[in-house]
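Structural overview
Single-letter residue listing:
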Amino acid sequence: MPEFPQYDQDNLKSYGDEEEEPALTQEDLLENVLGCIPVGQIVTIKPLSEDFCYVLGYLLTWKLILTFFKAASSQQIRAFLRALYSMYLRKTKSLNKLLYHLFRLMPENPTYAETAIEVPTKDPKTFFTEELQLSIRETTTLPYHIPHLACSVYHMTLKDLPAMVRLWWNSSEKRVFNIVDRFTSKYVSNVLSFQEISSVQTSTQLFNGMTVKARATTREVMATYTIEDIVIELIIQLPSNYPLGSITVESGKRVGVAVQQWRNWMLQLSTYLTHQNGSIMEGLALWKNNVDKRFEGVEDCMIYSPSEAK
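Every chain begins its residue count from 1, and numbering advances along the sequence as written. Local features in this predicted model are restricted to residues of pLDDT 70 or higher, and side-chain atom pairs are both shown and tallied only at a pLDDT of 80 or more, whereas totals for entire chains, interfaces and linings draw on every residue. As a convention, hydrogens and water are excluded, and side-chain values are obtained from all of the structure's heavy atoms.

1. Topic: the overall build of the protein
- A count of helical and extended segments in the protein gives 11 helices and four strands.
- Relative to its full complement of 310 residues, the protein shows a buried share of 45%.
- Contact between two residues is taken to exist if any of their heavy atoms lie within 4.5 Å; hydrogens are not considered. Contacts in the protein between residues far apart in sequence, at least 24 positions, make up 66% of those at least 6 positions apart. Every helix listed is a DSSP run of H or I at least four residues long, and every strand listed is a run of E at least two residues long, numbered separately from the N terminus. The classification of residues rests on relative accessible area computed with a 1.4 Å probe and restricted to protein chains. Under 20% of the type maximum is buried, over 50% is exposed, and intermediate values are partly exposed.

This is the structure we're talking about:
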């Protein structure tokens, strides 16, 4: 699956010329199984039943699709592909259907203490912190395959499609909005915040003229850009319900830059982090590129997003 975006990149000129087939043929089956269940009411599916096989296949297919999407990296041409893929998911409403189904399949309490699976540790382990192990021969764990797999897929959607999940969440009815917010804040936000901050701390990407530091305890990333006598500092703050809530970009030290220009740059980075499915490091790379070009006398690059920024 990670190699397929390269095929689309090589055939970009003909992309969209042919009629697209639906991404998931199992969607109608899942609607029959889960469609009548209110969001937030957890469904228990009998292991190895026909419904079990339908749901298992549906969730595993989504893991492949999300792997495919993630492979469309931040390189310019592939960022364009990623926008096209997002447009397709929006057009078919496939992701929205998935998210509603996940909140019928994920357990109210996804900790291992609530299951028969023993994990010897003093720290609470959940389906979001532990690797998914599927084995049809382990009959004792079969009842937890669907709940764990649903949590794994939700984790991937939040990590790789945060802007699209945020858009779905903000447009959902109040009852669903609150259910999603409580569950995500309690079980997923800390995990994803730690992973995002860690990815910044361990990143091997180097910026000429800009340093990037991250603080896990405060969920902050601080970037300092310097060129000659000019110093620009900004602070990126992850919300407590990350990534449902929007990342905030605050002003730090600013020397040698007009207020209006500074506000424009802040808005550009904030817009990227809110409306596009990219990481903080990708957003900082784009932001620095615009700042560099400004000092070179070139107009800022627009953020391309035909669908993600709606």
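2. Section: the nonpolar core
- In terms of nonpolar packing, the biggest core is built from 79 residues, with Leu 59, Tyr 154, Leu 284 and Trp 287 touching the most fellow members.
- Residues within four places of Leu 284 in sequence aside, it is in contact with Met 210, Val 212, Val 221, Ala 223, Leu 234, Ile 236 and Leu 269. Only buried residues count toward a nonpolar core. Its members are Ala, Val, Leu, Ile, Met, Phe, Trp, Tyr and Cys residues joined through side-chain atoms within 4.5 Å.

3. Digging into helix α2 (residues 27-34)
- Inspection of α2 places Glu 27, Leu 30, Val 33 and Leu 34 among the buried residues, and these make up the whole buried set. Buried residues of α2 fall within an arc of 120° about the axis and therefore sit on the same side. More than 90 degrees from the buried face of α2, the exposed residues found are Asp 28 and Asn 32.
- In this structure, the buried residues of α2 make contact with α3 (50-70) and α5 (94-105). Working definition: the arc comes from the directions between the helix axis and the C-beta atoms, pointing outward to the latter.

4. Let's talk about the pairing of strand β1 (residues 210-215)
- What makes two strands pair is DSSP finding at least two bridges between them. Relative to strand β2 (residues 220-227), β1 runs antiparallel, the two being bridged by six bridges. From the neighbouring strand, Lys 213 faces β2, where its bridge partner is Met 222.
- With antiparallel pairing between neighbouring strands as the criterion, β1 and β2 make up a hairpin whose turn holds four residues, including Arg 219 at a positive phi of roughly 55°.

5. Regarding helix α11 (residues 280-295)
- What a helix is expected to span follows from its residue count: subtract one and scale by 1.5 Å. The end-to-end C-alpha separation of α11 is 23 Å, in line with the 22 Å expected for 16 residues at 1.5 Å each.
- Burial in α11 covers these residues: Ile 280, Met 281, Gly 283, Leu 284, Trp 287, Lys 288, Asn 290 and Val 291.
- Structurally, α11 contributes buried residues whose contacts are with α9 (189-201), β1, β2, β3 (230-237) and α10 (259-275).

6. Notes on the side chain of Glu 220
- Its location among the elements puts Glu 220 in strand β2.
- For Glu 220, a relative accessible area of 17% gives the class buried.
- Apart from the residues within four sequence positions on either side, Glu 220 is in contact with Ile 197, Lys 213, Ala 214, Arg 215, Ile 235, Ile 236 and Gln 237.

7. Things to note about the sheet that holds strand β4 (residues 248-255)
- What the four strands build is an open sheet, ordered β1-β2-β3-β4; its pairing is antiparallel. Single-partner strands in this sheet number two, and they are β1 and β4. Each strand axis lies, on average, 15° off the axis of its neighbour in the sheet, ignoring direction.
- Strands β3 and β4 of the sheet are contacted by α10, whose axis makes an angle of about 150° with β4. The convention used is that axes are lines fitted to C-alpha atoms, helices contributing only their stretch in contact, and that angles between N-to-C directions extend from 0 to 180 degrees.

8. Comments concerning the confidence of the model for the protein
- On average, residues of the protein carry a pLDDT of 80, and 79% of them reach 70 or more.
- The pLDDT score gives, residue by residue, the confidence of the prediction method on a 0 to 100 scale. Between the elements of the protein, mean pLDDT differs from a low of 67, seen in helix α1 (residues 4-10), to a high of 95, seen in helix α8 (residues 174-187).
- The model gives residues 116-122 a pLDDT under 50, and that stretch makes five contacts with residues more than four places away or in other chains.

9. What to know about the pattern of salt bridges
- A pairing counts as a salt bridge when a side-chain nitrogen of Lys or Arg comes within 4 Å of a carboxyl oxygen of Asp or Glu. Overall, the coordinates contain three salt bridges when judged by the stated rule.
- Across the salt bridge formed by Arg 175 and Glu 173, the nearest N and O atoms sit 4.0 Å from each other.
- Taking the relative accessible area as the measure of exposure, Glu 173 reaches 51% and is therefore exposed.

10. What about unusual backbone geometry?
- Looking along the chain, the bond that leaves Tyr 242 and enters Pro 243 is cis, with omega of 0°.
- Notably, Arg 219 is not glycine yet its phi reads approximately 55°, a positive angle.
- Structurally, the position occupied by Arg 219 is in the loop between β1 and β2.

11. Overview of the packing of α3 against helix α6 (residues 145-160)
- In contact at an axis separation of 10 Å, α3 and α6 are set at 25° when each is read in the N-to-C sense. The orientation of α3 relative to α6 falls into the category roughly parallel. In terms of crossing hand, the pair formed by α3 and α6 is left-handed. Facing Phe 52, Val 55, Leu 56, Leu 59, Leu 60, Trp 62, Lys 63, Leu 66, Thr 67, Phe 69 and Lys 70 of α3, the residues of α6 in contact are His 145, Ile 146, Leu 149, Ala 150, Ser 152, Val 153, Met 156, Thr 157 and Asp 160. Here the word oblique covers every angle except those under 35 degrees (roughly parallel), over 145 (roughly antiparallel) and from 65 to 115 (roughly perpendicular). For a crossing to be left-handed, the near helix must be turned anticlockwise from the far one by less than a right angle; the clockwise case is right-handed.

12. A short note on the packing of α6 against α9
- Closest axis-to-axis distance for the α6/α9 pair is 11 Å, and the angle between their directions is 45°. Put simply, α6 runs oblique to α9. For the pair α6 and α9, the crossing hand works out as right-handed. On α9, the residues touching His 155, Leu 158 and Lys 159 of α6 are Val 191, Leu 192 and Gln 195.
- Residue type decides the class: Asp, Glu, Lys and Arg count as charged, Ala, Val, Leu, Ile, Met, Phe, Trp, Tyr, Cys and Pro as nonpolar, and the leftover types, Gly among them, as polar. When grouped by side-chain class, the residues that make up the contact of α6 with α9 number three nonpolar, two polar and one charged.

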